[in-house]
Amino acid sequence: MRLGPVMVDVAGLELTPDDLERLQHPQVGAVILFARNFAAPLQLIQLAHSIRELRTPQLLIGVDHEGGRVQRFRHGFTTIPAMTELGKLWDRDPAQALAAARGCGFVIASELQAHGVDFSFTPVLDVDYGESSVIGDRALHHDPHTVAVLAEALQAGLNAAGMSSVGKHFPGHGYVRADSHHEVPIDERTLTEISATDLLPFQRLARSGMGGMMPAHVIYPKVDSRPAGFSSVWLQRILREKLGFEGLIFSDDLSMEGASTAGGVMARANAALNAGCDMVLLCNDPRAQDTLLEGLERRPIAPTLARRLEKMRGRSISTVALKANAAYLAATENLARIRSA
């Protein structure tokens, strides 16, 4: 059975009969976990194992585990600082900030993979303009060049521990105040303006091996009337052709208000896939998930897409804790220094 183009969530700490049926649907290819799916490290390992044994090839497992206020697993996991702390450290000591960013990536990847999770949706590549509450301290810095350098170091840490990176929210969510979870944000800047600022981190990481990318549910009307995640202009002409990105494109959650411009759930999924997304996320709405899975047209899986999917698979998945690893210990010591600074 091949992996499908839909990423769904599961109800709780263990798989329910409804979860089991949904995850075996051929249109499902991945599972995203949330804080409600975590109670303890061993429980998470067991949940991941139960997901993996359902299918061959195994379903991918991802999570939003950036650090700061967006860290789904906490008890038994290292506390990752909000990304803005790396930017503040950069302003004091760039060399230490680069080491800390790499350490963050290494720790995130090591701990998640030790519990059976393939990847985190990180790093955040949005530029901090001091406007967006939904981005806020999730952004690395207000200078796009600094964002790019720190994010590349974080990506190197992820890669060193065997995990791919996922950059978000292309081409940049930091300029607009509106939260795409609850509104339809509109960014009135021109492509020239965006290219000179927000696109710089995406361009740098696209060319340095980023595994995945997530577009924003933001409309940039001077470029296209559709949100970036539903726009072939943004995903094909700019991200693929201009920036040279070759990895997997994930939609942001289709249940968000920012996706509502496309219509119902089926229209949203088709809009994303037709624009160039490889995998669509639909979270926290089991009925809508079932509607989508039954109604979505089966699409052929090209060899390039199969390679993109496999690149997102964790390369050091193990149920053995990695805390004896010398590189892991060095990385956690670096993070402890940030918190005490």
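Residues numbered from 1 in each chain as written. Predicted model: local features only at pLDDT ≥ 70, side-chain atom pairs only at ≥ 80, totals over all residues. Heavy atoms only, no water.

1. Here we look at the pattern of salt bridges
1) Next: Taken as a whole and assessed by the stated rule, the structure comprises 19 salt bridges.
2) Next: The residue Arg72 makes a salt bridge to Asp64 at a minimum N-O spacing of 3.7 Å.
3) Next: Owing to a relative accessible area of 24%, Arg72 belongs among the partly exposed residues under this scheme.
4) Next: Each of Asp64, Glu66, Arg72, Arg138 and Lys168 takes part in salt bridges that share partners, so that together they form one network. (Salt bridge = Lys/Arg side-chain N within 4 Å of Asp/Glu carboxyl O. Buried < 20%, exposed > 50% of the residue type's maximum accessible area, 1.4 Å probe, protein only.)

2. Quick look at helix 11 (residues 303-311)
1) Next: Among the residues of helix 11, those classed as buried are Leu305, Arg308 and Leu309. For helix 11, the angular spread of the buried residues around the axis is 100°, confining them to a single face. Facing away from the buried side of helix 11 by more than 90 degrees, the exposed set consists of Pro303 and Arg307. (Helix = DSSP H or I, 4+ residues; strand = E, 2+ residues; numbered from the N terminus. Arc of directions from axis to C-beta.)

3. Digging into the confidence of the model for the chain
1) Next: Confidence along the chain averages 91 in pLDDT terms, with 92% of residues attaining 70 or more.
2) Next: Scored below 50 in pLDDT, residues 319-324 shows eleven contacts in the model against residues more than four places distant or in partner chains. (pLDDT = per-residue confidence, 0-100. Contact = heavy atoms within 4.5 Å.)

4. Notes on the environment of Phe121
1) Next: Turning to its location among the elements, Phe121 is positioned in the loop between strand 6 (119-120) and helix 5 (144-160).
2) Next: Residues Phe121 and Ile32, 89 residues apart in the sequence, show an inter-C-alpha distance of 9.8 Å.
3) Next: Not counting chain neighbours up to four residues away, the residues in contact with Phe121 comprise Met7, Ile32, Val63, Asp64, Glu66, Val166, Lys168, Met214, Phe250 and Leu281.

5. Examining the environment of Arg313
1) Next: By the secondary structure assignment, Arg313 is in the loop between helix 11 and helix 12 (326-340).
2) Next: Residues Arg313 and His142 lie 171 residues apart in sequence; the distance between their C-alpha atoms is 32 Å.
3) Next: Beyond its immediate chain neighbours, meaning those up to four positions away, Arg313 contacts Leu3, Arg52, Pro57, Gln58, Leu59, Leu60, Asp118 and Gly162.

6. Brief notes about the sheet that holds strand 2 (residues 28-33)
Each strand in a sheet pairs with another by means of backbone hydrogen bonds, the pair being arranged parallel or else antiparallel.
1) Next: Spatially, five strands are ordered 6-3-2-1-10 in an open sheet, and the strand pairing comes out parallel. Pairing within the sheet leaves two strands with one partner each, and these edge strands are strand 6 and strand 10 (280-281).
2) Next: One ladder, built from three bridges, connects strand 1 (residues 6-8) with strand 2; its direction is parallel. Bridged to Val8 within strand 2 is Val31. (Pairing = 2+ DSSP bridges.)

7. Structural notes on the pairing of strand 3 (residues 60-63)
1) Next: Burial along strand 3 is two-sided: the residues Leu60 and Gly62 and Ile61 and Val63 are all buried.
2) Next: The pairing of strand 3 with strand 6 spans two bridges and is classified as parallel. Within strand 6, the position partnered with Val63 by the bridge is Ser120.

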